[in-house]
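Chain residues, written in single-letter form:
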Amino acid sequence: VLAGTYNYVSVDQATADKFASATDIRSLIPENSVSTTVMPGDWRYYWQNAKENTSSSESGLHFGHYKAITTSTYLTHFHAAKTTVALHLGTSVDRGRRGVTVMLEKELGINLASKLRA
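From a predicted model like this one, the values you see are computed outputs, not experimental measurements. (Residues numbered from 1 in each chain as written. Predicted model: local features only at pLDDT ≥ 70, side-chain atom pairs only at ≥ 80, totals over all residues. Heavy atoms only, no water.)

## Things to note about the overall build of the protein chain
Here is the rule: By definition, any uninterrupted DSSP run of H or I lasting at least four residues is a helix, any uninterrupted run of E lasting at least two residues is a strand, and each is numbered from the N terminus.
Secondary structure assignment for the protein chain yields 4 helices and 0 strands. Scanning the protein chain from its N terminus toward the C terminus, one meets helices and strands in the order α-α-α-α.

Rendered as structure tokens:
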């Protein structure tokens, strides 16, 4: 898709438009401008500074588990290497492919999508 060589004749127009946009955007980004190697220090820094109450994982691991992992050199290297392999292969772990978006009303009956935060 990103190279513009994917044959997407069997998809609906909206999907074809998204693929075309992805190709256009990719053409603006220089090759190798983003590192796909996660160094253990970078992995540790990210998780040490993550807000623990932001989210939790479908795997059952809470952010606190990842923050605790940063105290172990071995586990930090392991998770950095696992992330690097996924980036190099262009894959993702199953739990990263799903998400849930929930809209909670602040006032009963008032649904203001413009007031949502990511």
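## So, the pattern of salt bridges
Quick note on the threshold: Within this document, salt bridges are pairs made up of a side-chain nitrogen of Lys or Arg and a carboxyl oxygen of Asp or Glu, the two lying within 4 Å of each other. The classification of residues rests on relative accessible area computed with a 1.4 Å probe and restricted to protein chains. Under 20% of the type maximum is buried, over 50% is exposed, and intermediate values are partly exposed.
According to the stated counting rule, one finds 1 salt bridge in the structure shown. The shortest N-O distance in the salt bridge between Arg26 and Glu31 comes to 3.3 Å. For Arg26, a relative accessible area of 24% corresponds to the partly exposed category.

## Points about the side chain of Thr70
Topologically, Thr70 is positioned in the loop between α3 (63-69) and α4 (73-89). A residue is classified by how much of its surface remains accessible, and Thr70, at 5% relative accessible area, is buried.

## What to know about the packing of aromatic side chains
This is how it is decided: Stacked, tilted and edge-to-face are the three classes assigned to paired rings of Phe, Tyr and Trp, where Trp is represented by its six-membered ring and a pair needs centres within 6.5 Å; plane angles under 30 degrees give stacked, over 60 edge-to-face, the rest tilted.
Using the criterion set out here, one finds 5 aromatic pairs in the structure. Taken together, a centroid distance of 5.7 Å and an interplanar angle of 90° make the contact between Tyr6 and Phe19 edge-to-face. On the criterion of sequence distance, the pair formed by Tyr6 in the segment before α1 (13-28) and Phe19 in helix α1 is long-range, its members being 13 residues apart. Taking 5.0 Å as the distance between ring centres and 85° as the angle between the ring planes, the aromatic pair formed by Tyr46 and Trp47 counts as edge-to-face. An aromatic cluster of at least three residues, connected via ring pairs, comprises Trp43, Tyr46, Trp47 and Tyr66.

## A look at α1
As a reminder of what qualifies: The length a helix should cover is 1.5 Å for every residue beyond the first. Side-chain atoms alone can form a polar contact between residues adjacent in sequence; in general such a contact is a pair of N or O atoms within 3.5 Å, and within protein one must be able to donate a hydrogen while the other accepts it.
Taking 1.5 Å per residue, 16 residues should reach 22 Å; α1 reaches 23 Å between its end C-alpha atoms and fits that length. With a side-chain oxygen lying 3.1 Å from the backbone nitrogen of Ala14, the N-terminal cap of α1 falls on Asp12.

## Comments concerning the environment of Thr5
The topology assignment puts Thr5 in the segment before α1. A relative accessible area of 68% places Thr5 in the exposed class. Note: C-alpha distance between Thr5 and Thr23 (18 residues apart in sequence) is 9.2 Å.

## A look at the side chain of Thr84
Here is the rule: A contact between two residues is defined here by any heavy atoms of the two lying within 4.5 Å.
Position of Thr84 relative to the elements: it lies in helix α4. On the basis of relative accessibility, which here comes to 13%, the residue Thr84 falls in the buried class. Other than its neighbours up to four places away in sequence, Thr84 contacts Thr36, Thr37 and Val38.

## Structural notes on the nonpolar core
Put simply, the rule reads: Residues grouped as a nonpolar core are buried Ala, Val, Leu, Ile, Met, Phe, Trp, Tyr and Cys residues, joined through side-chain atoms within 4.5 Å.
Core analysis: the largest hydrophobic core is formed by 8 residues, namely Val38, Trp43, Trp47, Ala50, Phe63, Tyr66, Ile69 and Ala80. Residue assignment for this core shows that the elements contributing at least two residues are α2 (40-49) and α3. Every residue in contact with Trp47, bar those within four places of it in the chain, is listed here: Phe63, Tyr66, Lys67 and Thr70.

## Concerning the packing of α2 against α4
Worth spelling out the cut-off: Simply put, an axis is a line fit to the C-alpha atoms, just over the touching stretch for a helix, and the angle between two N-to-C directions goes from 0 to 180 degrees. We call two directions roughly parallel when the angle between them is under 35 degrees, roughly antiparallel when it is over 145, roughly perpendicular when it lies between 65 and 115, and oblique otherwise. Amino acids outside the nonpolar list (Ala, Val, Leu, Ile, Met, Phe, Trp, Tyr, Cys, Pro) and the charged list (Asp, Glu, Lys, Arg) are all regarded as polar, and Gly is one of them.
Contact geometry of α2 with α4 gives a least axis separation of 8 Å together with a crossing angle of 100°. Taken together, the axes of α2 and α4 are roughly perpendicular relative to one another. Taken together, the residues of α4 that come into contact with α2 (itself represented by Pro40, Trp43 and Arg44) are Thr73, Thr76, His77, His79, Ala80 and Thr83. Of the residues contributing to the contact of α2 with α4, the split by class is 3 nonpolar, 5 polar and 1 charged.

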